[in-house]
Amino acid sequence: MSTVVGRWRIKWMEMWDQDFVDLVEPGYFQFDKGGLGFFVFGAVEGKIDYRVSADGERVEFSWAGNDDGSENSGRGWFQIQSSRLAKGIFFIHCGDESAVEIEHQT
């Protein structure tokens, strides 16, 4: 789990340009110890409940929060590419989905 813990900056999303991703603040995913975390991008934010695979190469999560002020939830996953890069998919329940790339911040 230690390879996942920390703040990961959203570098690219398939569905939204970087100006939207960074609308309120620079978009990120935060994975804290204990399997919880938080994310924010554009007008979407939420609390994360995550699990790391036994080999430490994949993290899967569910989330609950809001999308432009409306309560929403979803899920997603990241495949760890290196200690600094992960790629995955972000899903909004009954809504959009987007490929996403994140970079670990030091």
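Because the structure is predicted, anything quoted here is derived from the model rather than measured.

Concerning the sheet that holds strand β8 (residues 97–104)
Line of reasoning, step 1. Spatial strand order, β1-β2-β3-β4-β5-β6-β7-β8: eight strands in a closed barrel with antiparallel pairing. Taken pair by pair, the neighbouring strands of this sheet meet at an average axis angle of 30°, ignoring direction.
Line of reasoning, step 2. Two elements, strand β4 (residues 44–52) and strand β5 (residues 58–67), share nine bridges in a ladder whose sense is antiparallel. In the sheet register, Val44 faces β5, and the bridge partner there is Asp67.

Overview of the environment of Gly37
Line of reasoning, step 1. Here Gly37 is to be found in strand β3 (residues 36–41).
Line of reasoning, step 2. When the C-alpha atoms of Gly37 and Gly69 are compared, they prove to be 20 Å apart, with 32 residues separating the residues in sequence.
Line of reasoning, step 3. Every residue in contact with Gly37, bar those within four places of it in the chain, is listed here: Gln30, Phe31, Asp32, Gly46, Lys47 and Ile48.

Observations concerning the nonpolar core
Line of reasoning, step 1. In terms of nonpolar packing, the biggest core is built from 23 residues, with Phe29, Phe31, Phe41, Phe78, Phe90 and Ile102 touching the most fellow members.
Line of reasoning, step 2. Mapped onto this core, the elements with two or more residues apiece are β1 (6–13), β2 (28–31), β3, β4, β5, β6 (70–80), β7 (85–92) and β8.
Line of reasoning, step 3. The contacts of Phe29, once residues within four sequence positions are left out, are Gly6, Arg7, Trp8, Ile10, Phe38, Phe39, Ile48, Phe61, Phe78, Phe90 and Ile102.

Basis of the calculations
- Residues numbered from 1 in each chain as written.
- Predicted model: local features only at pLDDT ≥ 70, side-chain atom pairs only at ≥ 80, totals over all residues.
- Heavy atoms only, no water.
- Pairing = 2+ DSSP bridges.
- Helix = DSSP H or I, 4+ residues; strand = E, 2+ residues; numbered from the N terminus.
- Axes fitted to C-alpha atoms, helices over the stretch in contact; angles between N-to-C directions.
- Contact = heavy atoms within 4.5 Å.
- Core = buried A, V, L, I, M, F, W, Y, C linked by side-chain atoms within 4.5 Å.
- Buried < 20%, exposed > 50% of the residue type's maximum accessible area, 1.4 Å probe, protein only.

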